[in-house]
Amino acid sequence: MATVGRGYRGGRYKGRSAGSRVVLYGLILAVALWLVGPFVWLFVTSVSYQKNLLARPFALIPPEVTMDNYKMILGLIRFHAEGQAAKILPSMLNSVVVAVVVTILNLVIGTTAGYAYARYRFPLKTLSLFALLFTRMLPTVVLVPAYFLMLRALGLSNSLTGLVLAYCSFTLPFTVWIMKAYFETVPAELDKSALVDGCNRLQAYYRVVLPVSGPGLVAGGAFTFMLCWNEFIVAQVLNTKPGTTTLPPVIAGMNGQINIDYSVIAASGFLGALPAVLLVLIFQKYMVQGLTAGSVKG
Amino acid sequence: MSADHARSTIPDRIAAPRLGLGSIRLSEAWFAFALVLPALGGIFVVVLFPLLYSLWLSFTDVNLLRAGGPAIELFGVRVPLFRWIGLQNYARILADPLYWSSLWRTVYFVLAFVVEAVLVGLGMALVLNERFVGRPLMRSCLLIPWSLSRVVVGLLWIGILDFEFGALNGVLHNLGLIDRSIAFFKDGWSALNVLVSVYMWNQAPFASLLFLAGMQSISEDLYSAAEVDGAGYWQRFRYVTLPALRPIMFLVLVLATVNGFLMLDLIYVLTMGGPANDTTTLSWLGFQTTFAFFKFGPGTAILYTLTALCLLLAFIYHRLILARFEPEA
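What counts, and where the lines are drawn
- Residues numbered from 1 in each chain as written.
- Chains lettered and ligands numbered in written order.
- Predicted model: local features only at pLDDT ≥ 70, side-chain atom pairs only at ≥ 80, totals over all residues.
- Helix = DSSP H or I, 4+ residues; strand = E, 2+ residues; numbered from the N terminus.
- Buried ≥ 20, exposed ≤ 12 C-beta atoms within 10 Å, placed from the backbone.
- Contact = placed C-beta atoms within 7 Å.
- pLDDT = per-residue confidence, 0-100.
- Pairing = 2+ DSSP bridges.
- Domains from an automatic or database assignment.
- Nonpolar A, V, L, I, M, F, W, Y, C, P; charged D, E, K, R; others polar.
- Axes fitted to C-alpha atoms, helices over the stretch in contact; angles between N-to-C directions.
- Parallel < 35°, antiparallel > 145°, perpendicular 65-115°, else oblique.
- Left-handed = near helix turned anticlockwise from the far one by under 90°.
- Expected span 1.5 Å × (residues − 1).
- Bend = angle between axes of the 7 residues up to and from the residue.
- Arc of directions from axis to C-beta.

A. Here's a closer look at the overall build of chain B. Secondary structure summary: chain B contains 15 helices and four strands in total. Within chain B, the proportion of its 329 residues that are buried is 43%. Of the contacts made within chain B by residues no fewer than 6 positions apart, 68% connect residues no fewer than 24 positions apart.

B. The overall build of chain A, seen in detail. Secondary structure assignment for chain A yields 15 helices and zero strands. Projected onto its principal axes, the C-alpha coordinates of chain A cover approximately 75 × 70 × 35 Å. Counting every position in chain A, which comprises 298 residues, the buried fraction comes to 49%. Looking at chain A alone, contacts between residues at least 24 apart form 75% of all its contacts between residues at least 6 apart.

C. Region of interest: the environment of B:C310. With respect to the secondary-structure elements, B:C310 resides in helix 15 (residues 296-325). Separated by 56 residues in sequence, B:C310 and B:V254 place their C-alpha atoms 9.8 Å apart. Ignoring anything within four residues of it in the chain, the contact list for B:C310 reads A:M137, A:L138, A:P139, B:V258 and B:F261.

D. Broad picture of the confidence of the model for chain A. Residues at a pLDDT of 70 or more form 93% of chain A, whose mean pLDDT is 86. This stretch, residues 1-13 of chain A, has a pLDDT under 50; its non-local contacts, to residues over four places away or in other chains, come to 22 contacts.

E. Highlighting the pairing of strand 3 (residues 77-80) of chain B. Bridge count for strand 2 (residues 71-74) of chain B against strand 3 of chain B is four bridges, and the pairing is antiparallel. Bridge pairing links B:L74 to B:V77 in strand 3 of chain B.

F. Representation of the domain arrangement of chain A within the structure. All names here are of chain A. Looking at the assigned domains, one finds that chain A contains domain 1 (18-84) and domain 2 (86-296). Summarising the inter-unit geometry, the C-alpha centres of domain 1 and domain 2 are found 31 Å apart. The interface of domain 1 with domain 2 comprises 19 residues on the first partner and 18 residues on the second. Looking at the side of domain 1 that touches domain 2, the elements with two or more residues in it are helix 1 (18-46), helix 2 (50-54), helix 3 (68-73) and helix 4 (82-85). Looking at side-chain class alone, the side of domain 1 that touches domain 2 contains nine nonpolar, nine polar and one charged residues.

G. Expanded view of the interface of chain B and chain A. Residue-level contacts link 104 residues of chain B with 99 residues of chain A. With 19 residues, helix 3 (residues 21-57) of chain B is the largest single contributor of residues to the side of chain B that touches chain A. Of the residues contributing to the side of chain B that touches chain A, the split by class is 72 nonpolar, 22 polar and 10 charged.

H. Spotlight on the packing of helix 8 (residues 160-183) of chain A against helix 11 (residues 214-230) of chain A. Residues and elements named next belong to chain A. Between helix 8 and helix 11, the shortest axis-to-axis distance is 9 Å and the interhelical angle comes to 160 degrees. In terms of orientation, helix 8 lies roughly antiparallel with respect to helix 11. Where helix 8 crosses over helix 11, the two elements pack in a sense that is right-handed. Contacts between helix 8 and helix 11 involve Y167, F170, T171, F174, T175, I178, M179, Y182 and F183 on the former and, on the latter, G216, A219, G220, F223, T224, L227 and C228. Looking at the contact of helix 8 with helix 11 residue by residue, the classes come out as 11 nonpolar, five polar and no charged.

I. Helix 1 of chain A, seen in detail. All names here are of chain A. The end-to-end C-alpha separation of helix 1 is 40 Å, in line with the 42 Å expected for 29 residues at 1.5 Å each. Approximately 45 degrees is the largest bend angle found in helix 1, and it occurs at V36, with the proline P38 only one to four residues beyond. Every buried residue belonging to helix 1 is among I28, V31, L35, P38, F39, L42, V44, T45 and S46, and all of these are buried.

J. Broad picture of the confidence of the model for chain B. Residues and elements named next belong to chain B. Model confidence for chain B is summarised by a mean pLDDT of 84, while 88% of its residues fall at 70 or above. Counting interchain partners and residues more than four positions distant, the pLDDT-below-50 stretch residues 1-24 has 28 contacts. Low pLDDT, under 50, characterises residues 325-329; the predicted model gives this stretch seven contacts beyond four residues in sequence or across chains. Scoring of the predicted complex yields 0.88 for pTM and 0.89 for ipTM.

K. Quick look at helix 6 (residues 125-136) of chain A. All names here are of chain A. With 12 residues, helix 6 should cover 16 Å at 1.5 Å per step; its first-to-last C-alpha distance of 17 Å lies within 8% of that length. Listed in full, the buried residues belonging to helix 6 are K125, S128, L129, L132 and T135. Take helix 6 and look down its axis: the buried residues cluster within an arc of 120 degrees, on one side only.

Here you go:
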């Protein structure tokens, strides 16, 4: 960790030979195709007619482009499976509500805890840190039978509140960990001078440290939102009543129906993927820093 | 983490007005404790309690229709406890040949996934660590497979691999390589390996991010020295890059192993455990037993054996990774 490298390695000072340049750009093209190709293809199918996907010879560039698939899932055109399609927008709203509430809860509770772990010594610190690490390795699915019965006992079956509680189980330990790693990079002198200036410890945290912790908060928040937005199994099992579930179970449900064209499902998949992809691409700098710091440092 | 505890000198650096050493230390500790309490309390309620309750369920005869029976009252909520039947659920699942075939299938799945994720992850990191035009853009591309919901990941690979409308079959047909479409999901062995690779497509980019972070912290001097000694690309990789990446390699291995054991959502979208039971892993078997057949007792027992495996891995992770990392962090 002696030098903060720019990351320009291997053959960086000497000019590359033409041959090695061809190999390198060939490899880069292959990696790019592998990473982005499938997602681009999802978009292509979502603006194609199913009949063109079945045609032989096969056309990678669609002969006709249509927005019909999107219009169908948004309820602008009637079609035979519109009952299924009508679930998409309400479930998307549910997804937004759950993801936003869990993200806020995580940022308030998890960030505070992360700060304490980074700065202070207190009883049970080592033990509780170990418990957090252990929680991160835990299969969420083992908790789901318990949630099922507990939420039933609480009268919270098929509720968004139940999902919010369940989602905190796999997001909160992560947030604490990411924020702990982040606050360790914020100089402790900052807190110290705030205390000298007459702040109490709580004020030093939320008036001085928190306002300069934007990158960490963005990393933790965006990651939490992404996890919630993409979660499938828990929502599928806990919220089975129509209208109570989130987007991924609805898309998976459409996928299981043989009478819906793939192109229509692709449109709903692309629409559902877009928020998380955009969020990650917009905040990628902070997310990559936060996640790699959080993981690499354990 | 123990090292973390020892080097936590910050309370000394944040000098609060000293009235007496004891009281200051106490109030500082209590302040910190108050900060972590909501998170720890929350984790207790949403993780630890359900975890213990699931463990309890795996020793009982859960009947979802029976309202009466033993229960505990917690804050006015009646949580049913069901009838204790000892190890019967475990005996039952361990006597089931499907449990064992699923376990071996899971082991194959995990091994294949770990190997693929490490090789592809490392390979992509090596390519993206070179200097070329558009490098930041390529790094953004790395985040796309990783930021997708597994439902969408499954969906888009259906679009590529499907027997009828899959793009891969279309392209192979156009190239004249096949006359009839390949049914990737019809044969169990093929379906299992497709699952491995699709999951790898989703997860390897994160391994690449970790490898890239590791590569960037390698001192340039090491490469210059190796170059002076006449080391070529592969020698620099073998003797400089790879040894420096060792801690991250461990991390990637363990994360991939745990993730492999837990993979569930892609099976749901792509194969539903079939054909026959050829893609039924332990997590899928436990999930189906619990939520498709509503056998909560045996289902949680299966999921708990899986949890025990993960716990073991978490322990290894702690011993191998953190023990190595903290002193230099």
